[in-house]
Amino acid sequence: MATILDGKALAKRVREEVRGRVEELLRRGVTPGLATILVGDDPASKIYVGTKQKACSEVGIRSFGFAPQATSSTEDLVRLIHEVAAKPEIHGILVQLPLPRHIDEERVIEAIPPAKDVDGLTTVNQGKLVTGARGLRPCTPLGIMRLIAEASLPLKGVSAVVVGRSKLVGKPVAFLLLEQHATVTMCHSRTRDLAAEVGRADLLVAAAGQAGLVKGEWVKPGAVVIDVGINRGEDGKLRGDVEFGPASERASAITPVPGGVGPMTVAMLLSNAVEAAAMQAGG
Ligand code: GUN
């Protein structure tokens, strides 16, 4: 049986660390502030944003919620982001995705100044990630790297397979793994033989957003399995991208859903918000 990588417990420790850094900033007269922008009324997005705001208040980060209507135009959102970005008390800006279909997501994201881009989604921060320059990194990939580091799992020279190529998870986690000297293969919906690719993985990161896509029997015995999927089934239960039961019989370590990567994403958002505040306050 695999070791369970307990993201909930680690996230709690990360949040305690963040609280310590917040207290340090408070002593210097800086209250870190994070703006959340939730466009429209998608129920899942509302829950995610609510969770993030609550997590902020628990560690002493001020959160500023903005909830423009679903009918807002791209120009309305760009204008709002410019207004929010001009406020010195707001150090980080998070635009909850996905945006309504008529919105030009790229223009909205690019309106965020890179120094306040706590999701690491702007072209500048994605470019810094690829080149290895310092910059804000996307939260889920940071959470995954922290889970791996805390469990002292080796990365140097291992075969890492990432399933999914989003700019929020798949692409950035691939570059962070590469930076740690893994040999990285990126798979996606058009990959010809996903089972064979997964079967070669010492470390698997499944971030395709498709419940049970990765079959347990594909997992290489002894592999580490990181499941990023949060898929709500018809029964209302959350399921990952990996068949947890059979995969956990083959893996050496595996993240559960829920309680694995999800809580780490929120914890790393808080960490990025504090990092952004510290940088803007002068280091
Ligand atoms: N939608 C799903 N995950 C995320 C995330 O990490 N950040 C943002 N902004 N939107 C999301």
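This text gives an overview of the structure that appears in the document. Everything quoted here is computed from the prediction, not taken from an experiment.

1. Section: the site of the ligand
- As a matter of local geometry, the ligand sits amid K52, L94, V95, Q96, L97, D119 and L168.
- The side chain of Q96 places a nitrogen or oxygen atom 3.3 Å from a nitrogen atom of the ligand.
- The contact in question runs from a nitrogen atom of the ligand to an N or O atom on the side chain of D119, over 2.5 Å.
- Surface burial for the ligand is 80%, taken as the share of its 280 Å² of free accessible area covered by protein chains.
- Its residues assigned to classes, the shell around the ligand shows four nonpolar, one polar and two charged.

2. Digging into the side chain of S72
- Its location among the elements puts S72 in the loop between β3 (62-66) and α3 (74-85).
- In contact with S72, other than residues within four places in its own chain, are L77, H102 and I103.

3. Some thoughts on the nonpolar core
- Ranked by size, the top nonpolar core spans 52 residues in total, and within it I61, I144, L177 and I226 carry the most contacts.
- Elements with a minimum of two residues in this core: α1 (7-27), α2 (43-59), α6 (139-150), β5 (159-163), α7 (170-179), β7 (203-206), β8 (224-227) and α10 (261-280).
- With twelve residues, α10 is the single largest residue contributor to this core.
- Not counting chain neighbours up to four residues away, the residues in contact with I226 comprise L5, I144, I148, L203, L204, V205, A206, T255 and V261.
- Counting residues in hydrophobic clusters, the runner-up holds 21 residues, among them V39, L80, I93 and A111.

4. Re the pairing of β8
- Covered by surrounding structure in β8 are V224 and I226 together with V225 and D227, the residues of both alternating faces.
- Across four bridges, the pairing between β7 and β8 is parallel. Pairing of A206 across the sheet is with D227, part of β8.
- Pairing between β8 and strand β11 (residues 253-254): two bridges, direction parallel. Residue pairing for β11: V225 is matched across the bridge by I254.

5. A look at the state of the cysteines
- Summed over all chains, the structure comprises zero disulfides.
- Cysteine C56 is unpaired, with the sulfur of C139 as its nearest cysteine sulfur at 11 Å.
- Accessibility expressed as a relative area gives 0% for C56, which makes it buried.

6. Side note on the pattern of salt bridges
- In this structure the tally under the stated criterion is eleven salt bridges.
- Here E275 and R21 are joined by a salt bridge, their closest N and O atoms 3.0 Å apart. With E275 in helix α10 and R21 in helix α1, the pair connects residues that are 254 residues apart, well separated along the chain.
- Residue E275 is classed as partly exposed on the basis of its relative accessible area of 27%.
- With a closest N to O distance of 3.6 Å, D76 and R79 form a salt bridge. Taken together, the positions of D76 and R79, both in helix α3 and three residues apart, correspond to about one turn of that helix.
- By relative accessible area, D76 is classed as partly exposed at 32%.
- With relative accessibility at 47%, the residue R79 sits in the partly exposed group.
- Through salt bridges with shared partners, one network takes in R13, E17, R146 and E150.

7. What to know about the sheet that holds β7
- Reading across from one edge, β1-β11-β8-β7-β5-β6 is the order of the six strands in this open sheet, with parallel pairing throughout. Strands with a single pairing partner mark the edges of an open sheet, and in this sheet they are β1 (3-4) and β6 (183-187).

8. Remarks on the pairing of strand β4 (residues 92-95)
- Burial of β4 is two-sided: the residues G92 and L94 facing one way and the residues I93 and V95 facing the other way are all buried.
- Pairing geometry for strand β2 (residues 33-37) and β4, over four bridges, is parallel. Residue pairing across strands places A35 opposite I93, the latter belonging to β4.

9. Topic: the side chain of R137
- Secondary-structure assignment places R137 in the loop between α5 (123-131) and α6.
- At 4.2 Å, E179 is the nearest oppositely charged side chain to R137, a buried residue that forms no salt bridge.
- In this structure the side chain of R137 is engaged in a polar contact, spanning 2.8 Å, whose partner is the backbone oxygen of A133.
- If we skip the residues at most four places from it in the chain, R137 touches V118, D119, G120, N125, K128, L129, G132, L142, L176, E179 and N272.

Quick notes on the rules
- Residues numbered from 1 in each chain as written.
- Predicted model: local features only at pLDDT ≥ 70, side-chain atom pairs only at ≥ 80, totals over all residues.
- Heavy atoms only, no water.
- Near = heavy atom within 4 Å.
- Polar contact = N/O pair within 3.5 Å; in protein donor to acceptor, adjacent residues only side chain to side chain.
- Areas by Shrake-Rupley, 256 points an atom, 1.4 Å probe, with all protein chains shown as cover.
- Nonpolar A, V, L, I, M, F, W, Y, C, P; charged D, E, K, R; others polar.
- Helix = DSSP H or I, 4+ residues; strand = E, 2+ residues; numbered from the N terminus.
- Contact = heavy atoms within 4.5 Å.
- Core = buried A, V, L, I, M, F, W, Y, C linked by side-chain atoms within 4.5 Å.
- Buried < 20%, exposed > 50% of the residue type's maximum accessible area, 1.4 Å probe, protein only.
- Pairing = 2+ DSSP bridges.
- Disulfide = S-S within 2.5 Å.
- Salt bridge = Lys/Arg side-chain N within 4 Å of Asp/Glu carboxyl O.
- Lys, Arg positive; Asp, Glu negative; His and termini not counted.

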